[in-house]
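Remarks on the overall topology
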Amino acid sequence: MARIGVFVCHCGENISSTVDCAKVAEIASNYPGVVYSIDYKYMCSDPGQNLIKEAIQKHKLTGVVVAACSPRMHEPTFRKATAEAGLNPFLCEMANLREHCSWVHFREDSTTEKAAELVRVLVEKVKHNEELFPIKVPITKTALVIGGGIGGIQAALDIANSGHKVIMVEKNPSIGGKMAQLSETFPTLDCSQCILTPRMVEVAQHPNITLYTYAEIESVDGFIGNFKVTIRQKAKSVDHKACTGCGLCIEKCPIKKIPDEFNAGLGNRAAIYVPFPQAVPNKPVIDRNNCTYFLKGKCGLCKKVCPADAIHYEQEDELIKVDVGAIVAATGFDIKHSDFFPEYGYGKYADVIDGLQFERLASASGPTLGVLKRPSDGKEPESIVFIACAGSRDPAKGIPYCSKICCMYTAKHAMLFKHKNHHGKATVFYMDIRAGGKMYDEFVRRAIEEDDVNYIRGRVSRIYEKNGKLIVCGVDTLLNSRPVEIEADMVVLATAAIANSDSEELAQKLHISYDPYHFFSEAHPKLRPVETNTAGIMLAGACQAPKDIPDTVSQASGTAAKVVALFSQDELTREPLIAYVNNNTCVGCFLCQSVCPYLAIEKEEIRRRDGTLVKTVAKINPGLCQGCGTCVALCRSKSIDIHGYTNRQIYAEVSALFNRREYAGV
Amino acid sequence: MTKIGYFPGCSLNGTAKEYDLSLQAIARIADIELVELDDWNCCGATAAHSLNSTLAVALPARNLAIAEKMGLDEILVPCAACFSRLAQARYEIKSDEKYRTKIPQLIEMEIKGTANPITVLDFLNKYALDKIKDKLYNKLNAKFACYYGCLLTRPEHLSTIERREDPLVMEKIIYLSGGMPIDWAFKVECCGAGLSVVRTDIVGKLCAKILDDAQSRGADAIIVACPMCHSNLDMRRNEINKNLSTDNEIPVVYITQIIGLALGIDPKKLGFDKHFVPTDKFLHKLQKQTVEV
């Protein structure tokens, strides 16, 4: 005989403001099989959990129904409490009174009635629940880090230093990411490359890290602890084992006018190239889209001059299969380019540049060796206008969010300009100054007060060229709301930070969710900010949302801690809510095998003791099965079922709904 | 023969007669019938929407309802201000329950919002250009500054123009008609339209910038597709010139007049004699060859 306990939670006022919780508990006490029912303000709190534990022991409960929120957050809480009271945790179920009832209805009698019905359905289900025991699966203690920017580097080093193997995949020929392109960093103005490059070298030399540059993720299968990843190693056309990095090939390459990605298009590179002098690995690759040999079949100059015979034109893309236990996505971000700002003449006027281009102009390793020269004629600008929020916080442009880093780097840019040209005129147009962070506001104040940067609160409507000057038309919303016009030699747009163009594709390969702007979604915005909803896949850096370097590094270390914690166990405990086969009735048609999205169904031969074959049946691999239930729906002989969601349980729930009249009036 | 509804509004019956003349001439050559709405009324522009938001929807909505009743799917609204009001009314009726119930009672007509207002640029681009491209007899040997003003490109939810901050559709039409559009900076700046009567000093200041930039970039004429822009830039020239060191003599003409010239229509039939700023020098510059329409 079932002895069910019902525990109705108020969730503060979340449920009790529209549902009469005491009434629900009272109605539930009349359901057949229910021997105990009670309501309480916060069932997930310690005293609330104790209520459950005490009731299980005192009333010898055989099943528990907690009527509270969605099971997503607190099912583990209540199952743990159930287990602590000595009952199998899978005999505890949750009725979702919050998302499914109180939040979506007004306070009416029928709302309380619906809540009571939801409870009754679960009471009927839990009567058929069986004791289940967790599954143990082994863990591959190797992490895959996708992206070799500062986020990926930090995560990889932290994991590797904890003694675990790391595989890093970077799509560009060198690791370093956006941080390698920056000149100085806020709020300390220390040189970006000087603090980054030692870490890049550490990655390359670390015995626990295997680095694949110029490589991309081809496919990802498997699950936490046991991912199977295929990496596409793009053909570098250069044998990096033989190459000494002498650079002779780059010198002799006749194709030298390719816009240099690393210098944000402000410089040129050859068709065979190393992205920047401190690159890791510091060996070239051939850009086949621009190489004469690959376009026309002629040239071959680099091969002729190479003293190490390292140039291999015939090299092909290689697919490398690796097994990993955890994946860190650290793929970074991009900034909005070109046609997006016709009103600012971006893309039309050479001297209207973006923030990243300014970084390259200000960088000692940049195309102008750190001397600020404007792109159009190489003159040193006397007046620069900086425009914050170029695209960001602008719903009309489709980017309603704040790009977070621009207020700070704009202050930094204005400051760098003033440090290089003391008599220069720096003007910043801004909406608000968002300088939340340690020493951040002080940094902006320093730009305004000590370095004499003119901050104008207002938007710029238009930029046009007149007599060789850029005329910046805007408004000063603080000084009598007057329109202002400023003549500038150069304009720097803090263009919006956006997700990488291929981030959606990668998210789909990884089976992780992403937001409407294609940034990857964290599992919980406050409490699980480094994990994704897919177990075993974590995030680091600006692929999740625009972030500065300190935030990226913090998140990367947080992610590394999660990975290391996962690797601290030898086996992974998985919920046993997976499919199982009844060998007696299975006819071995294997229709289930053809529809299983996780390739979790295998064939099993059943033999007599003498070895003669009786029949071949389906067998579920408990490590791979995700409990989706597709096979259950397809099985013609009803031989497959899912633990925790058996047909019997579902029928019990449905038929409970059809028998509602008996209790509705109570 | 393609049939399109036609809502001339007050301007095209009065101050912008030349816009109406030239537009009708193009439509005839393109073999498109412009069906004027029966008993149309004022679109309510400028006055209604600053006084009464319901009236501002009801007035243009009545015109939309008439078009629906006449079975017209599209209404050509050459005046940008009228277009803005009609499009806004359609938008409100489609998106706001309150207007959907209230407006039919007020205008005593049914309205579903099926009739879609289109601008003259949509009309030329979508219907006329294809049909007249073989009839462009005259090379337009001059530089044109295409001026959009505000109401063709704003607000965002009504504008049918791509790249609203730096549109190119007028330039494309002019180019395909054989003219040379120039790149300039003030094509979507405000001409001061609403202040045309009460604050001519502000109109003078704003228009001076527009005309000055067009002249400094060598434009022979400014092309407009809005009677408000036209009256400010053309009629307020005395006020404008007070803000300039030298008098600006660039003529301001409607896009339909220019296409009419390319089609070889007699300038008089296109209303070139109706402007305040003389157009004869400009017309002289273009090679002339007229056809009968």
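Residues numbered from 1 in each chain as written. Chains lettered and ligands numbered in written order. Predicted model: local features only at pLDDT ≥ 70, side-chain atom pairs only at ≥ 80, totals over all residues. Heavy atoms only, no water.

Okay, the overall build of chain B next. When helices and strands are counted, chain B shows twelve helices and eight strands. Over its C-alpha trace chain B gives a radius of gyration of 19 Å, about what one expects of a compact globule, namely 19 Å for 293 residues. Counting only C-alpha atoms, chain B reaches 55 × 45 × 30 Å along its principal axes. For chain B, the proportion of its 293 residues judged to be buried stands at 57%. As displayed, chain B offers around 12,800 Å² of accessible surface, 50% of which is attributable to carbon and sulfur atoms. (Helix = DSSP H or I, 4+ residues; strand = E, 2+ residues; numbered from the N terminus. Rg over C-alpha atoms; globule rule 2.2 N^0.38 Å. Buried < 20%, exposed > 50% of the residue type's maximum accessible area, 1.4 Å probe, protein only. Areas by Shrake-Rupley, 256 points an atom, 1.4 Å probe, with all protein chains shown as cover.)

Residues and elements named next belong to chain A. Tallying each qualifying case throughout the model produces one disulfide over all chains. Disulfide pairing places Cys 191 opposite Cys 194 at an S-S distance of 2.4 Å. On the sign convention where negative is left-handed, the bridge of Cys 191 and Cys 194, at about 85 degrees about the S-S bond, is right-handed. For the unlinked cysteine Cys 306, the closest cysteine sulfur is that of Cys 246, found at 6.2 Å. Overall, the relative accessible area of 18% leaves Cys 306 in the buried class. With no disulfide of its own, Cys 635 lies 6.3 Å from the sulfur of Cys 589, the closest cysteine sulfur. Residue Cys 635 is classed as buried on the basis of its relative accessible area of 15%. (Disulfide = S-S within 2.5 Å.)

Turning our eyes to something else, we now look at the packing of helix H3 (residues 53-69) of chain B against helix H4 (residues 80-95) of chain B. Residues and elements named next belong to chain B. Put simply, H3 and H4 touch, their axes get as near as 8 Å, and they point 95 degrees apart. It follows that H3 is roughly perpendicular to H4 by the angle criterion. Residue-level contacts link Ala 56, Val 57, Pro 60, Ala 61, Asn 63 and Leu 64 of H3 to Arg 85, Leu 86, Ala 89, Arg 90, Glu 92 and Ile 93 of H4. Taken together, the residues that form the contact of H3 with H4 break down as eight nonpolar, one polar and three charged. (Axes fitted to C-alpha atoms, helices over the stretch in contact; angles between N-to-C directions. Parallel < 35°, antiparallel > 145°, perpendicular 65-115°, else oblique. Contact = heavy atoms within 4.5 Å. Nonpolar A, V, L, I, M, F, W, Y, C, P; charged D, E, K, R; others polar.)

The next point concerns the side chain of Thr 559 of chain A. Take Thr 559 of chain A: it is sitting in helix H15 (residues 549-567). At 2.4 Å, the side chain of Thr 559 of chain A and the backbone oxygen of Leu 539 of chain A are in polar contact. (Polar contact = N/O pair within 3.5 Å; in protein donor to acceptor, adjacent residues only side chain to side chain.)

The interface is formed by eleven residues belonging to chain A together with 13 residues belonging to chain B. Here chain A packs against chain B, burying approximately 1,100 Å² in sum over the two surfaces, 40% of which is carbon and sulfur. It is Pro 342, Arg 462 and Tyr 464 of chain A in chain A that bury the most area against chain B; as a group they hold 45% of the surface buried on that side. The interface formed by chain A and chain B includes five salt bridges. The tally of links between chain A and chain B comes to five residue pairs in polar contact (both at pLDDT 80 or more). Per-element tally for the side of chain A that touches chain B: the top contributor is strand S24 (residues 460-466) of chain A, with four residues. Residue composition of the side of chain A that touches chain B, by class: three nonpolar, no polar and eight charged. (Buried area = accessible area lost by both parts, 1.4 Å probe. Salt bridge = Lys/Arg side-chain N within 4 Å of Asp/Glu carboxyl O.)

Moving on: the sheet that holds strand S7 (residues 221-224) of chain B. Spatial strand order, S6-S5-S7-S8 (chain B): four strands in an open sheet with parallel pairing. With partners counted over all chains shown, the strands left at the sheet margins are strand S6 (180-181) and strand S8 (252-254) of chain B, one partner each. (Pairing = 2+ DSSP bridges.)

Residues and elements named next belong to chain B. Structurally, chain B comprises domain 1 (2-118) and domain 2 (137-285). Each of domain 1 and domain 2 was reduced to a C-alpha centroid, and the two centroids are 24 Å apart. Each partner contributes to the roughly 1,800 Å² buried at the junction of domain 1 and domain 2, and carbon and sulfur atoms together form 77% of this total. Summed over the shared surface of domain 1 and domain 2, the result is zero salt bridges. Ranked by residue count, the leading element in the side of domain 1 that touches domain 2 is helix H1 (residues 17-29), at nine residues. (Domains from an automatic or database assignment.)

Let us now look at the sheet that holds strand S1 (residues 2-6) of chain B. Strand pairing in a sheet relies on backbone hydrogen bonds. The paired strands run either parallel or antiparallel. Residues and elements named next belong to chain B. Pairing within the open sheet is parallel, and its four strands lie in the order S2-S1-S3-S4. On the outer flanks of this sheet lie strand S2 (32-36) and strand S4 (116-118), each paired with one strand and no other. With direction set aside, neighbouring strand axes in the sheet form an average angle of 40 degrees. Summarising the sheet, S1 and S2 pair through five bridges and their orientation is parallel. Residue Lys 3 lies in a different strand from S2, and its bridge partner there is Glu 33. Sitting on the sheet, H1 is in contact with S1, S2 and strand S3 (74-76), with an inclination near 135 degrees to S2. Lying over the sheet, helix H6 (residues 120-132) contacts S1, S2, S3 and S4, oriented at roughly 145 degrees with respect to S2.

Turning next to the packing of aromatic side chains. All names here are of chain A. Following the criterion strictly, the structure yields 17 aromatic pairs over all chains and no others. Plain terms: the ring middles of Phe 7 and Tyr 36 are 5.9 Å apart, the flat faces sit at 50 degrees to each other, and that makes the pair tilted. Of the two residues, Phe 7 sits in strand S1 (residues 4-9) while Tyr 36 sits in strand S2 (residues 34-40), which places them 29 residues apart along the sequence. Between Phe 262 and Phe 276 the ring centres are 4.2 Å apart and the planes differ by 10 degrees, which places this aromatic pair in the stacked class. Of this pair, Phe 262 sits in the loop between strand S13 (258-259) and strand S14 (268-269) while Phe 276 sits in the loop between strand S15 (272-273) and strand S16 (285-286), and the two are 14 residues apart along the sequence. Of the two residues, Phe 262 and Phe 276, both sit in the buried class. An aromatic cluster is built from Tyr 293, Phe 294 and Tyr 313, whose rings are joined through pairwise contacts. One residue, Arg 120, lies across the ring of Tyr 31, its end atom 5.9 Å from the ring centre. Between Arg 574 and the ring centre of Phe 223, over which it is positioned, the NZ or CZ distance is 5.3 Å. (Phe/Tyr/Trp six-rings, centres within 6.5 Å; stacked < 30°, edge-to-face > 60°. Lys NZ or Arg CZ within 6 Å of the ring centre and 35° of its normal.)

Take the nonpolar core next. One finds Val 491 of chain A together with Leu 121, Phe 123, Ile 222, Ile 255 and Phe 282 of chain B to be the most contacted residues of the largest nonpolar core, which totals 135 residues. Setting aside anything within four residues of it in sequence, one finds Phe 123 of chain B in contact with Ile 4, Leu 23, Ala 27, Ile 32, Leu 34, Leu 76, Ile 118 and Ala 128 of chain B. (Core = buried A, V, L, I, M, F, W, Y, C linked by side-chain atoms within 4.5 Å.)

Now for the environment of Ile 463 of chain A. All names here are of chain A. Position of Ile 463 among the secondary structure elements: in strand S24. Overall, Ile 463 belongs to the buried group, its relative accessible area being 3%. Separated by 387 residues in the primary sequence, Ile 463 and Pro 76 have C-alpha atoms spaced 57 Å apart. Aside from chain neighbours lying at most four places away, what touches Ile 463 is Glu 343, Tyr 344, Tyr 349, Val 352, Ile 387, Leu 470, Ile 471, Val 472 and Val 491.

Turning our eyes to something else, we now look at the domain arrangement of chain A. Splitting chain A by domain gives domain 1 (4-134 + 651-664), domain 2 (136-225 + 321-332 + 500-574), domain 3 (235-316), domain 4 (335-497) and domain 5 (579-642). Each of domain 1 of chain A and domain 5 of chain A has a C-alpha centre, and the two are 34 Å apart.

Moving on, we get to the pattern of salt bridges. Close approach of charged atoms allows side chains of opposite charge to pair. Taken as a whole and assessed by the stated rule, the structure comprises 49 salt bridges over all chains. Here Arg 445 of chain A makes a salt bridge to Glu 449 of chain A, at a shortest N to O gap of 3.1 Å. Highlighted residues: Arg 445 of chain A and Glu 449 of chain A, both in helix H13 (residues 440-449), separated by four residues, approximately one helical turn. With relative accessibility at 56%, the residue Glu 449 of chain A sits in the exposed group. Between Lys 126 of chain B and Glu 74 of chain B there is a salt bridge; the shortest N-O distance is 3.0 Å. Note that Lys 126 of chain B is positioned in helix H6 and Glu 74 of chain B in strand S3, a separation of 52 residues in sequence.

We now examine the packing of helix H1 (residues 21-28) of chain A against helix H5 (residues 109-126) of chain A. Residues and elements named next belong to chain A. The contact between H1 and H5 brings their axes to 9 Å, and the two run at 45 degrees. As the angle between them shows, H1 and H5 are arranged oblique. H1 and H5 meet at a crossing whose hand is right-handed. In this structure, H1 contributes Lys 23, Val 24, Ile 27 and Ala 28 to the contact, and H5 contributes Thr 112, Ala 115, Ala 116 and Val 119. Residues belonging to the contact of H1 with H5 are distributed by class as follows: six nonpolar, one polar and one charged. (Left-handed = near helix turned anticlockwise from the far one by under 90°.)

Bringing unusual backbone geometry into the picture now. Residues and elements named next belong to chain A. Cis geometry marks the peptide bond from Phe 186 to Pro 187; its omega dihedral reads -5 degrees. Mapping Pro 187 onto the fold places it in the loop between strand S8 (184-185) and strand S9 (190-191). Even without a glycine there, the phi angle at Tyr 214 is positive, about 55 degrees. Structurally, Tyr 214 can be placed in the loop between strand S10 (209-212) and strand S11 (215-223). Phi at Leu 599 takes a positive value of approximately 50 degrees, unusual for a residue other than glycine.

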